[in-house]
Amino acid sequence: MPRNHIKNTKHANVFKAAREEKAAASESISKKPTWNHLLKFALPTILSMLIMSTFGIVDGIFVSRLIDPIALSVVSLVFPFMSFVMAFGFMMGVGGNALVAKKIGEGREKEGRENFSLITLVSFVVSLALTLIGILFPDFILGILGVDAFAREMSLAYLQPMLWFLPTAVLGMIFQQFLITAGKAHYSAIMSLVGGLTSAGLNYVFIYILDMGLSGAALATSIGFTLPFVVGFIYFIFNRNGKVYLVCPKWDFKALGRASVNGASEMVTMLATSIVAVLMNNILMDLEGGGHMAVAAAAIMFGGMGIFSALFVGYSSGVAPIISYNYGKGDTSNLKKTYSNSLRLIGILSAASIVMAILSADLLISIYDIPAGTPMHDMARTGLMFLASGFIFMGFNSFASMFFTALNNGVVSSILSLFRTLIFISIAFLTLPAIFGLNGAWAAIPVAEVLGIVMTILFFKLMKKKYKYA
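Because the structure is predicted, anything quoted here is derived from the model rather than measured.

Some points on the overall build of the chain
For step 1, the next point in the chain: Looking only at helices and strands, the chain has 16 helices and 0 strands in total.
For step 2, the next point in the chain: For the chain, the C-alpha radius of gyration of 23 Å lies close to 23 Å, the compact-globule estimate for 470 residues.
For step 3, the next point in the chain: By principal-axis analysis of the C-alpha atoms, the chain measures approximately 80 × 50 × 40 Å.
For step 4, the next point in the chain: Each of the 470 residues in the chain was classed as buried or not, and the buried ones make up 57%.
For step 5, the next point in the chain: Contacts in the chain between residues far apart in sequence, at least 24 positions, make up 83% of those at least 6 positions apart.
For step 6, the next point in the chain: Carbon and sulfur atoms form 70% of the exposed surface of the chain, whose accessible area is close to 19,500 Å².
For step 7, the next point in the chain: Taking the average place of the 33 positive charges on the side chains of the chain and the average place of its 22 negative ones, the gap between the two points comes to 21 Å.

Details of the environment of Ala 98
For step 1, the next point in the chain: With respect to the element layout, Ala 98 can be found in helix H3 (residues 71–105).
For step 2, the next point in the chain: Ala 98 sits in the buried class, given a relative accessible area of 5%.
For step 3, the next point in the chain: When the C-alpha atoms of Ala 98 and Pro 33 are compared, they prove to be 18 Å apart, with 65 residues separating the residues in sequence.
For step 4, the next point in the chain: Among all residues touching Ala 98, those that are not within four sequence positions of it are Asn 262, Ser 324, Thr 405, Ala 406 and Asn 408.

With respect to the nonpolar core
For step 1, the next point in the chain: Grouped together as the largest cluster of nonpolar side chains are 139 residues, with contacts concentrated most on Phe 236, Leu 284, Tyr 315, Phe 399, Phe 403, Phe 404 and Tyr 469.
For step 2, the next point in the chain: In this structure Tyr 469 touches Leu 335, Lys 336, Tyr 339, Phe 403, Phe 404, Leu 407, Phe 459, Phe 460, Met 463 and Lys 464, once residues within four positions along its chain are discounted.

Digging into a nonpolar patch on the surface
For step 1, the next point in the chain: Together, Leu 121, Phe 124, Val 125, Leu 128, Leu 132, Ile 133, Leu 136, Phe 137, Phe 140 and Ile 144 give the surface a local cluster of nonpolar side chains, amounting to about 970 Å² of exposed area.
For step 2, the next point in the chain: Listing elements by their share of the nonpolar patch, those giving two or more residues are helix H4 (109–136) and helix H5 (138–144).
For step 3, the next point in the chain: Broken down by element, the residue count for the nonpolar patch peaks at 7 residues, all from H4.
For step 4, the next point in the chain: Judged by relative accessible area, Leu 132 falls into the partly exposed class, the value being 45%.

Looking at the packing of helix H14 (residues 391–406) against helix H15 (residues 410–436)
For step 1, the next point in the chain: Relative to each other, H14 and H15 sit at 150 degrees, their axes nearing to 7 Å. Accordingly, the angle class assigned to the pair H14 and H15 is roughly antiparallel. As H14 packs across H15, the resulting crossing turns out to be left-handed. Mapping the contact onto sequence places Met 394, Asn 397, Ser 398, Ala 400, Ser 401, Phe 404 and Thr 405 in H14 and Gly 410, Val 412, Ser 413, Leu 416, Ser 417 and Arg 420 in H15.
For step 2, the next point in the chain: In terms of residue class, the contact of H14 with H15 is made up of 5 nonpolar, 7 polar and 1 charged.

Considerations on the side chain of Thr 338
For step 1, the next point in the chain: Positionally, Thr 338 belongs in helix H12 (residues 332–366).
For step 2, the next point in the chain: With sequence-adjacent residues up to four places away left out, Thr 338 is seen in contact with Pro 33, Leu 38, Ile 322 and Ile 323.

So, the packing of H3 against helix H11 (residues 292–329)
Two quantities define a packed helix pair, namely the angle between the helix axes and the distance between the axes.
For step 1, the next point in the chain: Close contact between H3 and H11 brings their axes to 11 Å; oriented N to C, the two are set at 5 degrees. Put simply, H3 runs roughly parallel to H11. Seen from H3, the contacting residues are Leu 72, Ser 73, Ser 76, Leu 77, Asn 97, Ala 98, Ala 101, Lys 102 and Gly 105; seen from H11, they are His 292, Val 295, Ala 296, Ala 299, Ile 300, Pro 321, Ser 324, Tyr 325, Tyr 327, Gly 328 and Lys 329.
For step 2, the next point in the chain: Tallied by class, the residues present in the contact of H3 with H11 amount to 11 nonpolar, 7 polar and 2 charged.

Focus on a positive patch on the surface
For step 1, the next point in the chain: A grouping of Lys 32, Lys 336, Lys 337 and Lys 468 is seen on the molecular surface, where their side chains present a positively charged patch.
For step 2, the next point in the chain: The topology assignment puts Lys 336 in helix H12.
For step 3, the next point in the chain: A relative accessible area of 39% means that Lys 336 is categorised as partly exposed.

Description of the packing of aromatic side chains
For step 1, the next point in the chain: Overall, the coordinates contain 22 aromatic pairs when judged by the stated rule.
For step 2, the next point in the chain: With centroids separated by 6.0 Å and ring planes inclined at 75 degrees, the aromatic side chains of Phe 403 and Phe 460 adopt a geometry described as edge-to-face. In this pair, Phe 403 is assigned in helix H14 and Phe 460 in helix H16 (residues 438–467), connecting sequence segments 57 residues apart.
For step 3, the next point in the chain: The buried category is assigned to Phe 460, whose relative accessible area is 8%.
For step 4, the next point in the chain: Connected via pairs of aromatic rings, a cluster forms that spans Phe 116, Phe 175, Phe 178, Phe 229, Phe 233, Tyr 235 and Phe 236.

Brief notes about the pattern of salt bridges
For step 1, the next point in the chain: The final tally for this structure, using the stated rule, is 10 salt bridges.
For step 2, the next point in the chain: Asp 139 serves as the salt-bridge partner of Arg 152, at 2.8 Å between the closest nitrogen and oxygen. Of the two residues, Arg 152 is situated in helix H6 (residues 152–163) and Asp 139 in helix H5; the sequence distance between them amounts to 13 residues.
For step 3, the next point in the chain: The partly exposed category is assigned to Arg 152, whose relative accessible area is 30%.
For step 4, the next point in the chain: With a shortest N-O distance of 3.0 Å, Glu 449 and Arg 420 are connected by a salt bridge. Of this pair, Glu 449 sits in helix H16 while Arg 420 sits in helix H15, and the two are 29 residues apart along the sequence.

Overview of the environment of Leu 349
For step 1, the next point in the chain: With respect to the helices and strands, the residue Leu 349 is situated in helix H12.
For step 2, the next point in the chain: The spatial distance from the C-alpha of Leu 349 to the C-alpha of Leu 197 is 26 Å, given a sequence separation of 152 residues.

Some details on the confidence of the model for the chain
For step 1, the next point in the chain: Put simply, the chain has an average pLDDT of 82, and 92% of its residues get 70 or more.
For step 2, the next point in the chain: Averaged over each element, pLDDT in the chain is lowest for helix H1 (residues 3–30) (44) and highest for H16 (92).
For step 3, the next point in the chain: The low-confidence segment residues 1–27, where pLDDT is below 50, has 13 contacts with residues more than four positions distant or belonging to other chains.

A look at unusual backbone geometry
For step 1, the next point in the chain: The phi dihedral of Asp 211 is positive, around 55 degrees, even though this residue is not glycine.
For step 2, the next point in the chain: The topology assignment puts Asp 211 in the loop between helix H8 (185–209) and helix H9 (213–238).
For step 3, the next point in the chain: Here Asp 211 falls in the exposed class, since its relative accessible area comes to 65%.
For step 4, the next point in the chain: Phi at Lys 468 is positive, roughly 55 degrees, even though this residue is not glycine.
For step 5, the next point in the chain: You can see Lys 468 is positioned in the segment after H16.

Calculation criteria
Residues numbered from 1 in each chain as written. Predicted model: local features only at pLDDT ≥ 70, side-chain atom pairs only at ≥ 80, totals over all residues. Heavy atoms only, no water. Helix = DSSP H or I, 4+ residues; strand = E, 2+ residues; numbered from the N terminus. Rg over C-alpha atoms; globule rule 2.2 N^0.38 Å. Buried < 20%, exposed > 50% of the residue type's maximum accessible area, 1.4 Å probe, protein only. Contact = heavy atoms within 4.5 Å. Areas by Shrake-Rupley, 256 points an atom, 1.4 Å probe, with all protein chains shown as cover. Lys, Arg positive; Asp, Glu negative; His and termini not counted. Charge placed at Lys NZ, Arg CZ, Asp CG, Glu CD. Core = buried A, V, L, I, M, F, W, Y, C linked by side-chain atoms within 4.5 Å. Patch = residues over 30% accessible without salt bridge, like charges linked within 9 Å, V, L, I, M, F, W, Y side chains within 5 Å. Salt bridge = Lys/Arg side-chain N within 4 Å of Asp/Glu carboxyl O. Axes fitted to C-alpha atoms, helices over the stretch in contact; angles between N-to-C directions. Parallel < 35°, antiparallel > 145°, perpendicular 65-115°, else oblique. Left-handed = near helix turned anticlockwise from the far one by under 90°. Nonpolar A, V, L, I, M, F, W, Y, C, P; charged D, E, K, R; others polar. Phe/Tyr/Trp six-rings, centres within 6.5 Å; stacked < 30°, edge-to-face > 60°. pLDDT = per-residue confidence, 0-100.

Following this line, the structure appears as structure tokens:
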């Protein structure tokens with residue numbers, strides 16, 4: 001057989017495999033959005049979010065059991081800075097993902113890859129700059145976070161190791177989002193599982209065996225965050241057969257601006273979470289009957305809330321590429337089915353979350369080695385009951401924000417997120433504790449969710465004529 005024929009046959013096989021992979025990814029994202037398909041498509045992202053939330057709790061358990069329950073308050077005081085920086089990565093990941101998925105739906109794949117590569121580069125540079133600020137001005141940052149003289153040394157021990165890993169953590173978040181559009185959402189779940197297991201194992205080694213204290217806890221968590229970056233970077237560099245991979249970036253201010261606007265609501269959500277955490281920690285530290293014990297109890301509460309909110313965020317993030325693809329393609333029929341079926345599924349998830357939160361409250365607190373009947377146990381349990389009451393609205397509010405992001409309407413998405421996760425909660429935290437004490441602090445988030453659902457319903461009604469999703 002002639003050598004040229006063999007060579008051409010090999011090339012034909014390569015091109016055939018590439019076409020088949022592209023076709024499979026396109027078919028998956030363009031299928032009719034039945035309940036079964038939406039759940040299957042979103043399941044890897046839900047699992048990824050659940051794993052991340054679960055192992056976040058595992059880190060807290062190691063800190064509480066192997067160091068001291070009060071050390072939880074230090075983690076709670078310092079971690080908002082990490083969340084603040086990672087919020088930028090989440091914005092670029094979600095917003096850029098919506099932009100690139102839309103362009104793929106429009107058949108502009110080359111432009112989508114260039115945008116993805118530019119977003120990755122700019123995100124690395126910005127996160128590196130923010131890291132340097134943290135390294136150069138740690139005391140200024142700790143002062144803003146509400147760290148007092150008693151907790152300063154412990155807080156520095158937790159903050160400093162995490163700073164060195166922030167750029168890789170940011171890029172890891174971006175890669176996890178783009179793996180969904182690349183049709184490899186299961187990679188994200190696997191990375192989260194491996195990263196969580198690594199973090200848990202290293203927590204034991206660094207804290208218990210090597211006696212590194214909070215520095216060891218920070219190092220273990222940071223290494224776990226870095227694994228998604230490593231896997232995602234390797235995949236997007238070497239896999240050239242899919243629709244999304246890293247290429248030489250082409251400078252495009254418009255694409256960066258669109259990605260930023262698209263993902264602004266998600267950044268607002270994470271920034272608001274950080275700001276609210278700082279506000280809440282400062283209020284709890286000064287509140288009568290509060291202090292470090294109340295901050296530690298709040299860390300337990302929000303660790304539990306993170307598991308249930310991961311269901312909503314995971315589902316919404318998982319189906320976002322389907323929404324963006326069908327919007328870019330102009331398939332209003334599939335868009336309507338995605339919208340209506342998603343609302344029904346979220347209603348079921350919300351009801352299940354309330355029941356599970358109530359039934360598992362005592363178990364969750366006990367694994368932190370907090371004995372029943374102690375003030376910290378009572379604080380955490382009461383707070384969890386308050387938080388659970390807001391789950392029925394939280395799911396719909398989370399979906400609304402991600403839904404408009406996927407439709408490339410970052411303005412509406414940002415408004416929803418800004419009011420729900422910052423303005424409403426801030427007002428509640430600044431007023432309710434002054435009237436009702438600790439119970440007022442615990443009730444702040446459910447009250448904000450109730451106010452948020454009003455805005456969600458309003459914007460769903462206002463925007464449906466424009467986007468034809470209902």
